[in-house]
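# Tertiary structure, described
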Amino acid sequence: MRPETRTVHLPKPSVTGSVPISMPIYQTSGFVFDDPAAFAEEMGRPGGAYVYGRYSNPTVRALEEAVAGLEGGAAAIATGSGMGAINCVLLGLLQPGDHLIAQEALYGGTAAMINDLVSRFGITVSYVPEDDPAALRAAVTPATKLVYLETIANPVGQVADLPAMCSAARDLGLISVVDNTFATPLLCRPLELGADIVLHSVTKYLSGHADVVGGIAVFADEELHGKVWHFAIELGATPDPFAAWLSLRGMQTLALRMERHCANARHLATRLAAHPAVSAVHWAGLENHRSHEVARKVLADFGGVLAFDLAGGRAAADSFMASIRLALLAPSLGGVETLVLHPASTSHRALNAAELARTGVTEGTVRLAVGIEHPDDLWADIEQALS
Ligand SMILES: Cc1ncc(COP(=O)(O)O)c(C=O)c1O
């Protein structure tokens, strides 16, 4: 053949008999078939042969199998962001007229999405505390379909009583969905505690290096997975293979990172609690946190995000944010660098005073997403900013 054709049809040697150490990036939009019947058959089958990149890709499936394995699920759907996973699950399972029960303290993007479901899709919602199965039972209507929880809520760290809430949901015939982003499968495996679906913003601890945006939904059973998978490929929420590869690469150090995130958070929470400029510290590892008892039951450790209230209110928070040096002023969490933000003016700015109070945020609240630096360097930075 001529060079014009040969440059198009480059050789693609297949690897047989040995396996690469690192999962390769399959940067292709589709896959080639010899047999037209097999091509047709595999097109719409979750977990089937690779056909088209929006349906599946080996690098993406490696991520799905890795997280499904860690969470103890049957199958997973990776998405281009955490919100993509949340949308696939809620839009894929709810219909107009359905009722949803959600916990009161929710990630802002999820709260906004639920508001949209209510105003545009004719779905109704009731909010209950994350640790109150009696309130859950009382909120049920004949139209209730799903219960939505977060293992550890942002920013003040309420911990959902997953065994109690998921078993109440199961008794009532409801699907329970848990956002496990803050805990990761290293600290909590909601499917083992009775949940049906677990969600993650892979952007955070799973990928772990603040260099990728991604999401994933893990399903306890194949049937629910198949249903949401068909919707997910219609929605087009698929991640890019490179993002999946970055996530896989980051996940290899998840256990080491989580150990350090949690240890650093404990160190800082303890020191903050003893500082005169601080009126309250919100980290479930502290005995006076409202979720401490639930957290001891549900979590292997208490996580790497903490919040604290400055006695001087908003003025003190402004001055703290302007004085901090090592911790970076940035959104998100779960990377190796410590990040700091003022929820009332950034992540929670859309909430009114009553909603802020319900979430546990004051004008003097500061959130720390604690990284893996040396704890003494972090404390030195925080201490100079407090003074
Ligand atoms: C608990 C939680 N869930 C979901 C999301 C959404 O994830 P993403 O930003 O990857 O879409 C976030 C983002 O901050 C989050 O904190």
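Thresholds applied
- Residues numbered from 1 in each chain as written.
- Predicted model: local features only at pLDDT ≥ 70, side-chain atom pairs only at ≥ 80, totals over all residues.
- Heavy atoms only, no water.
- Near = heavy atom within 4 Å.
- Polar contact = N/O pair within 3.5 Å; in protein donor to acceptor, adjacent residues only side chain to side chain.
- Areas by Shrake-Rupley, 256 points an atom, 1.4 Å probe, with all protein chains shown as cover.
- 1 Å grid on protein atoms, 1.4 Å probe; cavity = no way out; pocket = protein on both sides within 12 Å on 5 of 7 lines; lining within 4 Å.
- Sits in = over half its atoms within 2 Å of the grid points.
- Helix = DSSP H or I, 4+ residues; strand = E, 2+ residues; numbered from the N terminus.
- Pairing = 2+ DSSP bridges.
- Phe/Tyr/Trp six-rings, centres within 6.5 Å; stacked < 30°, edge-to-face > 60°.
- Buried < 20%, exposed > 50% of the residue type's maximum accessible area, 1.4 Å probe, protein only.
- Axes fitted to C-alpha atoms, helices over the stretch in contact; angles between N-to-C directions.

## Quick word on the site of the ligand
The immediate surroundings of the ligand are formed by Ser81, Gly82, Met83, Ile86, Tyr107, Asp179, Thr181, Phe182, Ser201, Thr203, Lys204 and Gly214. At 2.8 Å from an oxygen atom of the ligand is found a main-chain nitrogen or oxygen belonging to Met83. In this structure, an oxygen atom belonging to the ligand sits 2.6 Å away from a side-chain N or O atom of Thr203. Protein contact buries 89% of the 390 Å² of open area that the ligand shows by itself. The cavity where the ligand resides is the largest pocket. Among the elements that take part in the shell around the ligand, helix H4 (residues 82–93) stands out by supplying three residues, more than any other.

## Some thoughts on the sheet that holds strand S10 (residues 328–329)
The mixed open sheet is built from five strands, whose spatial order is S8-S9-S12-S11-S10. Every interior strand has two partners, whereas the edge strands, strand S8 (278–282) and S10, have only one. When S10 meets strand S11 (residues 339–341), the two strands line up parallel, connected through two bridges. In the sheet register, Leu328 faces S11, and the bridge partner there is Leu339.

## Notes on the packing of aromatic side chains
Under the defined criterion, the tally for this structure stands at seven aromatic pairs. On the basis of an interplanar angle of 5° and a centroid distance of 5.1 Å, the ring pair of Phe33 and Phe39 is categorised as stacked. By relative accessible area, Phe33 is classed as partly exposed at 23%. Residue Phe39 is classed as partly exposed on the basis of its relative accessible area of 41%.

## Details of the pairing of strand S7 (residues 215–219)
The buried fraction of S7 is high, at five of five residues. What you see with S7 is no split at all: Gly215, Ala217 and Phe219 on one side and Ile216 and Val218 on the other are buried throughout. Pairing geometry for strand S1 (residues 75–79) and S7, over five bridges, is antiparallel. Note on S7: the bridge partner recorded for Ile77 is Ala217.

## Digging into the sheet that holds strand S6 (residues 197–201)
With mixed pairing, the seven strands of this open sheet are ordered in space as S1-S7-S6-S5-S4-S2-S3. Across the chains shown, the open sheet's two edge strands, defined by having one partner strand only, are S1 and strand S3 (124–128). On average, each strand axis in the sheet is inclined to that of its neighbour by 20°, with strand direction left out of account.

## Some thoughts on unusual backbone geometry
Here Asn154 and Pro155 are connected by a cis peptide whose omega angle stands at -5°. Tracing the chain through its elements places Pro155 in the loop between strand S4 (144–150) and helix H7 (162–171). The backbone phi angle of Thr184 is positive, close to 65°, even though this residue is not glycine. In this structure, Ala210 takes a positive phi of about 50° despite not being glycine. Looking at the secondary structure, you find Ala210 in the loop between S6 and S7.

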